[in-house]
Amino acid sequence: MTDVVVVGSGIAGLTAALHAAERGCRVTVVTKGALPDTNTRWAQGGIAAVTTADDTLESHIADTLTAGVGLNDAEAVRTLVTEGPDRIAELVRRGVCFDRSPDGDFARGLEAAHARPRVLHAGGDATGAAIQTALGAAVRSSGIVLREHTALRELVLERGRVVGIDVETEATAHRLSADAVILATGGAGQLYSHTTNPSSATGDGIAAALRAGAAVADLEFVQFHPTALAAGEPFLVSEAVRGDGAILIDDTGRRFAFDAHPDGELAPRDVVARANARAMAAQDGRPVRLDATALGADRLAQRFPTIDAAVRARGLDWSREPIPVTPAAHYLMGGVVTDLDGRTTIPGLYAVGETARTGVHGANRLASNSLLEGAVFGARAGAAAATDTGWPDVDAPTAIALPDVPAPVEVPVFSRGALQDLLWEHAGLIRDDAGLRRAAGVLAAWADLPRPRSAEDAGLLLLARHVVAAALARTGSVGAHFRSDEVSASPAAAASVPVAQEALAC
Ligand code: SIN
């Protein structure tokens, strides 16, 4: 019997685990928190898929490619979109109750850069929680072994093949042997001082894969969400709120998003995030505001109950006044290079969801394609892990070496917060060579220090170095990677009207 270990318990990991178990594998799911402590649980807007006759697969494919500025892997996009409807049916079968319109069809929200409403949601804005609950229950009743509060420490390799993982609990450290290991540890929002991600999003799987020598790519493409609530703890305010009609205004009450793009608040996410950042810079860093008052109290409470509660818990009434919002790190398009079945460049090792880089998102992920990615590629990796007998060559882009940059004269003391501030300032929404070089120098100096730090922090530091190296290497702006110092746009960016317009607005 094939032993499969899945690391991570969000939509990608649990889907992979279920598909492997259903093919007769002995499956163990390892997760460093409790089962539902995942990024998936916090997903609000929903899951994009073509589910009605007035929508087409070609339209969803075109929107995904446009958002990704054409740097997407076309085959990955086609796979995502065409297998999406089956995975939606599977989620329904597993107990996810997507919201329905009065005629019984799926209710469908509109989000930025989608040509039509195609975003399914559950509990209004609690889509991720509904999926997490259903998949968690399916895993618990499936005979899959669940090891909660168990953290990945290292991948174990023998003769170039992954044969297990070393893990740690509060009490012990031990080894789990496996024929296949599937990394589904999510992204690394904790690289940045402002993020919509939970504290668990520390990129553990990507860092472990890097240490084991797996290829990574596209790490310069970090997606910043335009609207995190800028009052109290950061909290995502879904793009679906703008899809429903909310607008962005500055301190003077001016609606500024159309300066950057003809689609205004519903332009691709990277464009709106930078428009917000620029508007904030022009008003001494004060947050811009999201005006949802036109939607009315009833609609806000019914359609967005989770956000409504969070907003009101902060003493704000968004049915009466615009609320302060700011961009925040949200999603990593890059990650461990995989083929379309999750295979990495190391035999026996798979990666799925935000941990993986299939190329499906190109330079910028289309809204609500991430849950879909977890479902589609999770299913494929689970099936592959159960049936693979050989290991094909997995193509990877040329590796980017860490830059040889001297440490600056003054290196701040290392802490998680100092690392997050450094990346926010120099490898955030708007980057330039000097800032990236400074960041690279500080990170290298920190890496050289023989100082004890937590395993999570060591992983973040390693990942940060690779994010900065990738951002330095890509000298042109494209998608989520914006260089204020570019001399000429890279070809994909030059073809993009939005980026050209933004440059004028700078
Ligand atoms: C949102 O609800 O705005 C986030 C959805 C996503 O990240 O795709």
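Since we're looking at a predicted model, the values are computed, not measured.

### A look at the packing of aromatic side chains
Part 1 of the argument: Taken as a whole and assessed by the stated rule, the structure comprises seven aromatic pairs.
Part 2 of the argument: Between Phe98 and Phe106 the ring centres are 5.8 Å apart and the planes differ by 90 degrees, which places this aromatic pair in the edge-to-face class.
Part 3 of the argument: Seen in terms of ring centroids, Phe414 and Trp446 are 5.1 Å apart; in terms of plane orientation they differ by 85 degrees. Their pairing is edge-to-face. On the criterion of sequence distance, the pair formed by Phe414 in the loop between helix H11 (370-387) and helix H12 (416-426) and Trp446 in helix H13 (residues 433-448) is long-range, its members being 32 residues apart. Each member of the pair, Phe414 as well as Trp446, carries the same accessibility label: buried.
Part 4 of the argument: Of note, Arg365 hangs over the ring of Tyr331, and the distance from its end group to the ring centre comes to 4.1 Å.

### As for the packing of helix H1 (residues 11-22) against helix H4 (residues 127-140)
Between two packed helices, both the angle of their axes relative to each other and the distance between the axes serve to describe the pair.
Part 1 of the argument: The N-to-C vectors of H1 and H4 enclose an angle of 30 degrees; their axes lie 10 Å apart at closest approach. Comparing the axis directions of H1 and H4 gives the class roughly parallel. Regarding H1 and H4, the two cross each other, and that crossing is left-handed. The residues of H4 that touch H1, namely those facing Ile11, Leu14, Thr15 and Leu18, are Ile131, Gln132, Leu135, Gly136, Ala138 and Val139.
Part 2 of the argument: Looking at the contact of H1 with H4, its residues break down into seven nonpolar, three polar and no charged.

### Here we look at helix H3 (residues 74-93)
Part 1 of the argument: Here H3 is 20 residues long and its end C-alpha atoms lie 29 Å apart, about the 28 Å a rise of 1.5 Å per residue gives.
Part 2 of the argument: The largest bend in H3 is about 45 degrees, located at Gly84, with the proline Pro85 one to four residues further on.
Part 3 of the argument: Listed as buried for H3 are Ala76, Val77, Thr79, Leu80, Val81, Gly84, Arg87, Ile88, Glu90 and Leu91.
Part 4 of the argument: Buried positions along H3 lie against H1, strand S3 (47-48), helix H2 (57-67), strand S5 (119-120), H4 and H11.

### Details of empty space enclosed by the protein
Part 1 of the argument: Under the defined criterion, the tally for this structure stands at five cavities of 30 Å³ or more.
Part 2 of the argument: As a volume, the largest cavity reaches approximately 60 Å³.
Part 3 of the argument: If you trace the largest cavity, you find it lined by Ala188, Gly189, Leu191, Tyr192, Asn197, Val222, Ala329, His330, Tyr331, Leu332 and Glu354.
Part 4 of the argument: Residue contributions to the lining of the largest cavity peak at four residues, all from strand S16 (residues 323-332).

### Some points on the site of the ligand
Part 1 of the argument: Close to the ligand lie Gln44, Gly45, His225, Leu236, Ser238, Glu239, Arg269, His330, Arg365, Ala367 and Ser368, which account for all nearby residues.
Part 2 of the argument: One of the backbone nitrogen or oxygen atoms of Gly45 is found 2.9 Å away from an oxygen atom of the ligand.
Part 3 of the argument: Residue Arg269 places a side-chain N or O atom 2.9 Å away from an oxygen atom belonging to the ligand.
Part 4 of the argument: Across the complex, the protein chains shield 95% of the 260 Å² of accessible surface that the ligand would expose by itself.
Part 5 of the argument: Of the residues contributing to the shell around the ligand, the split by class is two nonpolar, six polar and three charged.

### A short note on the sheet that holds S5
Across a sheet, strands are paired by hydrogen bonds formed along the backbone, either parallel or antiparallel in direction.
Part 1 of the argument: Overall, antiparallel pairing links the three strands, which are arranged S3-S5-S4 in an open sheet. Strands at the two margins of the open sheet, each flanked by one partner only, are S3 and strand S4 (108-109).

About the thresholds
- Residues numbered from 1 in each chain as written.
- Predicted model: local features only at pLDDT ≥ 70, side-chain atom pairs only at ≥ 80, totals over all residues.
- Heavy atoms only, no water.
- Phe/Tyr/Trp six-rings, centres within 6.5 Å; stacked < 30°, edge-to-face > 60°.
- Helix = DSSP H or I, 4+ residues; strand = E, 2+ residues; numbered from the N terminus.
- Buried < 20%, exposed > 50% of the residue type's maximum accessible area, 1.4 Å probe, protein only.
- Lys NZ or Arg CZ within 6 Å of the ring centre and 35° of its normal.
- Axes fitted to C-alpha atoms, helices over the stretch in contact; angles between N-to-C directions.
- Parallel < 35°, antiparallel > 145°, perpendicular 65-115°, else oblique.
- Left-handed = near helix turned anticlockwise from the far one by under 90°.
- Contact = heavy atoms within 4.5 Å.
- Nonpolar A, V, L, I, M, F, W, Y, C, P; charged D, E, K, R; others polar.
- Expected span 1.5 Å × (residues − 1).
- Bend = angle between axes of the 7 residues up to and from the residue.
- 1 Å grid on protein atoms, 1.4 Å probe; cavity = no way out; pocket = protein on both sides within 12 Å on 5 of 7 lines; lining within 4 Å.
- Points joined across faces, edges and corners; volume = space filled by probe spheres on them.
- Near = heavy atom within 4 Å.
- Polar contact = N/O pair within 3.5 Å; in protein donor to acceptor, adjacent residues only side chain to side chain.
- Areas by Shrake-Rupley, 256 points an atom, 1.4 Å probe, with all protein chains shown as cover.
- Pairing = 2+ DSSP bridges.

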